[in-house]
Amino acid sequence: MPTNAMPRKIIPAANHNAFLIFIFLDPLNTNIIIYIQLTQLYISCIILKKELSMYVVTGATGFVGSNMVACLNSHGHNDILCVDNLNSTKLNNLHGLQFSDFISPEELLTADLRGSTIFHMGANSKTSAGDWDSIYKTNVAYTRQLLSCKHSKFIFASSASIYGDNRDTRETADNAAPKNLYAATKFMCDSIIRTKLDHKTIQSWRFFNVYGKREQHKVDFSQASPYTNFKHQAQTTGRIKLFENSSSVHRDFICIDDVVEIMYSQSTTEKSFISNLGTGDTFSFQQWAELIAHYYDAKLEYIPVPDTIKNGYQLYTRSNNTKLQSIIGDYTFITPEHYTRENQ
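Residues numbered from 1 in each chain as written. Predicted model: local features only at pLDDT ≥ 70, side-chain atom pairs only at ≥ 80, totals over all residues. Heavy atoms only, no water.

Caption draft 1: Just the pairing of strand E9 (residues 153-159), in detail. Among the 7 residues of E9, 7 are classified as buried, and the element is accordingly described as predominantly covered. Burial along E9 is two-sided: Lys153, Ile155, Ala157 and Ser159 and Phe154, Phe156 and Ser158, pointing in opposite directions, are all buried. Of the strand pairs in this sheet, strand E8 (residues 117-120) and E9 are connected by 4 bridges, and their pairing is parallel. In the sheet register, Thr117 faces E9, and the bridge partner there is Lys153. Once you follow E8 into helix H3 (residues 132-148) and on to E9, the crossover reads as right-handed. Direction of pairing for E9 relative to strand E10 (residues 201-207): parallel, over a ladder of 7 bridges. Looking at the pairing, Ile155 lines up with Gln203 of E10. (Buried < 20%, exposed > 50% of the residue type's maximum accessible area, 1.4 Å probe, protein only. Helix = DSSP H or I, 4+ residues; strand = E, 2+ residues; numbered from the N terminus. Pairing = 2+ DSSP bridges. Right-handed = clockwise from strand over helix to strand, strands pointing away.)

Now the structure itself:
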């Protein structure tokens, strides 16, 4: 046997007089290696590619990614390849998850992905990012490379930030009006995806404002949803700081539980599309603050909107759910009131 072969399993397949056949599964389970032995001499080595049947989740320790892994686990799937650059702030998101392997984003580009369903949730999601080269490489160039791999299905985390201040949120290219570099990268990815919808099973979901569990790591970077941010403030200081005129900032907030469940259910189909993923309703930042303050007995404190985010700050978002409803049918979304009450 070659010295560089480190088999995980050795399976005697046949033993008929002079012939002895062994089947080896290599460490990554991506190849089946068959050795045929004639007496003491190896006379043949055949390498057959094994088509994988697994789920791949990028950004697996992030907010959406870790919840996607948990969702897959809840449906009985543990054959999950997790992909991420792990850091100490996201360690808690690993708790309770079951998966078969964990690799870096760079390693994924050379993996055999045939037969796999990829949930590409990983990205630089900082809406205030100013380094174009960095966010382009992470969000656009990497996504383009993944799309070129041979896989079964590709599920992409896009963003409703593509629409900017445009209140027409139908999923057409001419409704795009990104206000920051992050939104621009998601628009570029959707533009690439749009050219491939007729050739592969690709589903791009334009998330509206997602909230829920496993986003605690985003608090320190001011990227958490108002649910998590205000709850953290209420629990640690007894006060909730929110921007002035927050009653006039209305957004479409969708619970992470709904997001991952909808993505999973549609990943089992052969449909290809670009679709909004929101509730079709709005909830203001003022309502969030009052809701959290009620359950955690906190006081409200109003602060000015920082100049650094004024230009890129969306005042209103609401999903046009015409296309979404045609894909998933009637669906009852979790409300902020229900989620907050049930997760005290």
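Caption draft 2: Main features of the environment of Gln325. Mapped onto the secondary structure, Gln325 falls in helix H9 (residues 322-328). Exposure remark for Gln325: the relative accessible area of 44% places this residue in the partly exposed category. Along the sequence, Gln325 and Leu277 sit 48 residues apart, while their C-alpha atoms lie 9.9 Å from each other. Looking at Gln325, its side chain comes within polar contact range of the side chain of Asp330, at 2.8 Å. (Polar contact = N/O pair within 3.5 Å; in protein donor to acceptor, adjacent residues only side chain to side chain.)

Caption draft 3: Main features of the packing of H3 against helix H4 (residues 181-194). Viewed as axis vectors pointing N to C, H3 and H4 meet at an angle of 20°, and their least axial separation amounts to 10 Å. The angle between H3 and H4 falls in the class roughly parallel. Considering only the axes of H3 and H4, their crossing is right-handed. Listed contacts from H4 to Trp132, Ile135, Asn139, Val140, Thr143, Arg144 and Leu147 of H3 are Leu181, Tyr182, Thr185, Met188, Cys189, Ile192 and Ile193. For the contact of H3 with H4, a count of residues per class yields 10 nonpolar, 3 polar and 1 charged. (Axes fitted to C-alpha atoms, helices over the stretch in contact; angles between N-to-C directions. Parallel < 35°, antiparallel > 145°, perpendicular 65-115°, else oblique. Left-handed = near helix turned anticlockwise from the far one by under 90°. Contact = heavy atoms within 4.5 Å. Nonpolar A, V, L, I, M, F, W, Y, C, P; charged D, E, K, R; others polar.)

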